[in-house]
Amino acid sequence: MGEPERSRRLSHTKALGETLRAYRAVVASRARSQASHRASFRLDLVGALIVGLVEFGEIWVLYSATDQIGGFTLAQIMLVFGLSDLAFSLADLVAGHCDNLPLYVRAGTLDVFFLRPQPVLAQLVTSDLSLRRIGRCLVGATSLTVGLVLNDIDWTAGTVGLLLLALASGFVIFTAQFVTAAGLQFFLVNGAEMTNAFVYGGRYAATQPTSVWPRSLLVVFGVVFPVAFAAFLPVSTLLGTPGVAGLPVWLGWLAPVAALWAVVVAGLSWRWGLRHYRGAGG
């Protein structure tokens, strides 16, 4: 490697480090701001925790009334719920405030993002931080832990790898969904209800057995927005239980492929929407 090439790489590395340092400073300042109001912060955490418990209670009631649904028992579905809910909660913590894009568009706030020397999407992601969503993460993590204890799992390096792969892939899939919804808002502006149908509807679908879905939902949440790969299919592979009829049990290992597809869709949606945007007119 020549001296000019080495200098160029060092310069790029230094620039990247300075950019990341700036983003860390912004996120840290927002976290300190929320944590400084202790009473409000605690109430927000408790509220988010209660919402998560209510959603888990629905699963509990359904599976307590019968031996199994879609070939899954309560103990097994706790793995699916825990894995999908934890992945979604982490994605919601990082990118959930992309829902604010319509407000930024109407207020002209988004125009300010174009004046700064950082990517617009990166600024949108760091524009807010809702620490209360940590409460939801606790529900998912607890359900996942209990599910791992209750189920008879053959612990090997492959088992651990599959779980970590599923959690990382689920996080990417749900984060990509938030970005996809944000890209569509450039056209819809007041269509958050429509995009929430596949973002939050996808989260709910991911906590249920894919084996009971009708064909239309299999297409929407198994292919277009592949939330089935966030939890159910990896758990089916992990436990060796039947997944979707006619599909192989090892399909859960393809979660990274589904995550890559979700990123491609999100990238296209965001770039398409950003190019369509012409400003707030102020």
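Everything quoted here is computed from the prediction, not taken from an experiment.

Another aspect to go through is the packing of helix α3 (residues 74–95) against helix α8 (residues 157–188). Contact geometry of α3 with α8 gives a least axis separation of 8 Å together with a crossing angle of 45°. When the axes of α3 and α8 are compared, the pair comes out oblique. You can see that α3 and α8 cross each other, and the crossing is right-handed. Counting all contacts with α3, which are made through Leu 83, Ser 84, Leu 86, Ala 87, Phe 88, Leu 90, Ala 91, Asp 92, Val 94 and Ala 95, the residues of α8 involved are Leu 163, Ala 166, Leu 167, Gly 170, Phe 171, Phe 174, Thr 175 and Phe 178. Class assignment of the residues belonging to the contact of α3 with α8 gives a composition of 14 nonpolar, 3 polar and 1 charged.

Right, let's get into the nonpolar core. In this structure, Leu 101, Leu 110, Leu 124, Phe 174 and Trp 270 are the most contacted members of the largest nonpolar core, which totals 65 residues. Every residue in contact with Phe 174, bar those within four places of it in the chain, is listed here: Ser 84, Ala 87, Phe 88, Ala 91, Gly 202, Arg 203, Ala 206, Val 227 and Ala 230.

Another aspect to go through is the packing of α8 against helix α12 (residues 255–276). For any two helices packed against each other, the geometry is given by the interaxial angle and the distance between the axes. One can describe the packing of α8 onto α12 by two numbers: an axis separation of 8 Å at closest approach and a directional angle of 20°. In terms of orientation, α8 lies roughly parallel with respect to α12. Along this stretch, α8 crosses α12, giving a crossing that reads as left-handed. Its residues assigned to classes, the contact of α8 with α12 shows 20 nonpolar, 6 polar and no charged.

This next bit is on the confidence of the model for the protein. With 79% of its residues at a pLDDT of at least 70, the protein reaches an overall mean of 80. Confidence scores differ between elements of the protein, with helix α1 (residues 3–36) showing the lowest mean pLDDT of 56 and α12 the highest of 92.

Right, let's get into the side chain of Asp 92. Checked against the element boundaries, Asp 92 lands in helix α3. Asp 92 sits in the buried class, given a relative accessible area of 10%. Excluding its chain neighbours within four sequence positions, the residues that come into contact with Asp 92 are His 97, Arg 133, Phe 178 and Tyr 200.

Looking now at the environment of Phe 229. For Phe 229, the location among the structural elements is in the loop between α10 (215–224) and α11 (232–239). Along the chain, Phe 229 and Leu 251 lie 22 residues apart, while their C-alpha atoms are 8.4 Å from each other.

Together, Leu 49, Leu 53, Ile 134 and Leu 138 line one region of the surface with nonpolar side chains, adding up to about 320 Å² of accessible area. Listing elements by their share of the nonpolar patch, those giving two or more residues are α2 (38–64) and α7 (134–150). You can call Leu 49 partly exposed: its relative accessible area is 30%.

On to the packing of aromatic side chains. Any two aromatic rings considered together are summarised by their centre-to-centre distance and by the angle between their planes. The tally for this structure, following the rule as stated, stands at 9 aromatic pairs. Geometrically, the ring pair formed by Phe 178 and Tyr 200 is edge-to-face, given 6.1 Å between the ring centres and 80° between the ring planes. With Phe 178 in helix α8 and Tyr 200 in helix α9 (residues 192–206), this pair connects stretches of sequence that are 22 residues apart. Taken together, the ring pairs in this structure connect Phe 88, Phe 174, Phe 178 and Tyr 200 into an aromatic cluster. Above the ring of Phe 88, the side-chain terminus of Arg 203 is found at 5.9 Å from the ring centroid.

On to the pattern of salt bridges, then. One pass over the structure, following the stated rule, counts 2 salt bridges. Across the pair Asp 85 and Arg 203 runs a salt bridge whose closest N-O atoms are separated by 3.1 Å. Taken together, the residues span a long stretch of sequence, with Asp 85 in helix α3 and Arg 203 in helix α9 at a distance of 118 residues. Among the ionic contacts, a cluster of salt bridges with common partners joins Glu 55, Asp 85 and Arg 203.

Cut-offs applied
Residues numbered from 1 in each chain as written. Predicted model: local features only at pLDDT ≥ 70, side-chain atom pairs only at ≥ 80, totals over all residues. Heavy atoms only, no water. Axes fitted to C-alpha atoms, helices over the stretch in contact; angles between N-to-C directions. Helix = DSSP H or I, 4+ residues; strand = E, 2+ residues; numbered from the N terminus. Parallel < 35°, antiparallel > 145°, perpendicular 65-115°, else oblique. Left-handed = near helix turned anticlockwise from the far one by under 90°. Contact = heavy atoms within 4.5 Å. Nonpolar A, V, L, I, M, F, W, Y, C, P; charged D, E, K, R; others polar. Core = buried A, V, L, I, M, F, W, Y, C linked by side-chain atoms within 4.5 Å. Buried < 20%, exposed > 50% of the residue type's maximum accessible area, 1.4 Å probe, protein only. pLDDT = per-residue confidence, 0-100. Patch = residues over 30% accessible without salt bridge, like charges linked within 9 Å, V, L, I, M, F, W, Y side chains within 5 Å. Areas by Shrake-Rupley, 256 points an atom, 1.4 Å probe, with all protein chains shown as cover. Salt bridge = Lys/Arg side-chain N within 4 Å of Asp/Glu carboxyl O. Phe/Tyr/Trp six-rings, centres within 6.5 Å; stacked < 30°, edge-to-face > 60°. Lys NZ or Arg CZ within 6 Å of the ring centre and 35° of its normal.

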